[in-house]
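Read off the chains here:
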Amino acid sequence: DIWALGCVLFELAVLRVPFEASNMDQLVEKITQGPVPQVPFSYSSDLRLLSKELFSRDHRKRPLASDIIRRPVIQKEISRMLQQAQDTESESTSSRPDNEHPGEL
């Protein structure tokens, strides 16, 4: 769910959970009535805006997963990770001896 994605994004960025409480009742109160946690200004405005939208209490105002994945900031990161994976694969393939072929018996 999109709210959970907001929690994961926040925790990865800030290295702490977005809502802390000692019991379930307090946690529900913090989520439904407390201030919405903010990603620090050291992160891009795109990431901060995304986090804010993911934590919208009105589920109709939260972005759809398909909309999130089309955002330029997300597309840029996906491209970076794919390139890194390709570079890693190229390095491991080029360091293999000629007689080794993955997947062949």
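1. Structural notes on the nonpolar core
In terms of nonpolar packing, the biggest core is built from 13 residues, with Trp3, Leu9, Val39, Leu50, Leu54, Phe55 and Ile68 touching the most fellow members. Looking at this core element by element, the count peaks at six residues for helix H1 (residues 2–14). If sequence neighbours within four positions are ignored, phenylalanine 55 has contacts with Trp3, Gly6, Cys7, Phe10, Pro18, Phe19, Val36 and Pro37.

2. Description of the pattern of salt bridges
Between side chains of opposite charge, a pair can form as their charged atoms come close. Inspection of every chain in the model, using the stated rule, returns four salt bridges. For the salt bridge of arginine 80 with glutamate 77, the shortest nitrogen-to-oxygen distance reads 2.4 Å. In this pair, arginine 80 and glutamate 77 are both assigned in helix H5 (residues 72–94), three residues apart and thus about one turn of the helix distant. Judged by relative accessible area, which is 33%, glutamate 77 ranks as partly exposed.

3. Regarding the side chain of serine 56
Within the element layout of this structure, serine 56 appears in the loop between helix H3 (45–54) and helix H4 (65–70). Residue classification places serine 56 among the buried positions, given a relative accessible area of 16%. If sequence neighbours within four positions are ignored, serine 56 has contacts with Trp3, Lys61 and Arg62.

4. A closer look at the packing of aromatic side chains
Tallied over the full model, the rule gives four aromatic pairs. Consider the rings of tryptophan 3 and phenylalanine 19, whose centres lie 5.9 Å apart with planes at 15 degrees: the pair is stacked. Taken together, the positions of tryptophan 3 in helix H1 and phenylalanine 19 in the loop between H1 and helix H2 (24–33) put the pair 16 residues apart, joining distant regions of the chain. Given the relative accessible area of 14%, tryptophan 3 is considered buried. With relative accessibility at 11%, the residue phenylalanine 19 sits in the buried group. Cluster of aromatic residues (ring-pair linked, three or more members): Trp3, Phe10, Phe19 and Phe55.

Each value, and the rule that gives it
- For every chain, the first residue of its written sequence is number 1, and the numbers climb from 1 along that sequence.
- Where local features are concerned, this predicted model is filtered to residues with pLDDT of at least 70; where side-chain atom pairs are given and counted, the filter is 80 or more; whole-chain, interface and lining totals use all residues.
- Side-chain metrics rest on all non-hydrogen atoms present in the structure, leaving aside hydrogens and water.
- What is meant by a nonpolar core is a set of buried Ala, Val, Leu, Ile, Met, Phe, Trp, Tyr and Cys residues, joined one to another through side-chain atoms within 4.5 Å.
- Only protein chains enter the accessibility calculation, which uses a 1.4 Å probe. A residue is then buried if its area is under 20% of the maximum for its type, exposed if over 50%, and partly exposed in between.
- Strands here are runs of E lasting at least two residues and helices are runs of H or I lasting at least four, both read from the DSSP assignment and numbered beginning at the N terminus.
- Contact criterion: two residues are considered in contact whenever any of their non-hydrogen atoms come within 4.5 Å of each other.
- The salt bridge definition used is simple: a Lys or Arg side-chain nitrogen within 4 Å of an Asp or Glu carboxyl oxygen.
- Only centres within 6.5 Å qualify two rings of Phe, Tyr or Trp (six-membered ring in Trp) as a pair; their planes then separate them into stacked at under 30 degrees, edge-to-face at over 60, and tilted for everything else.

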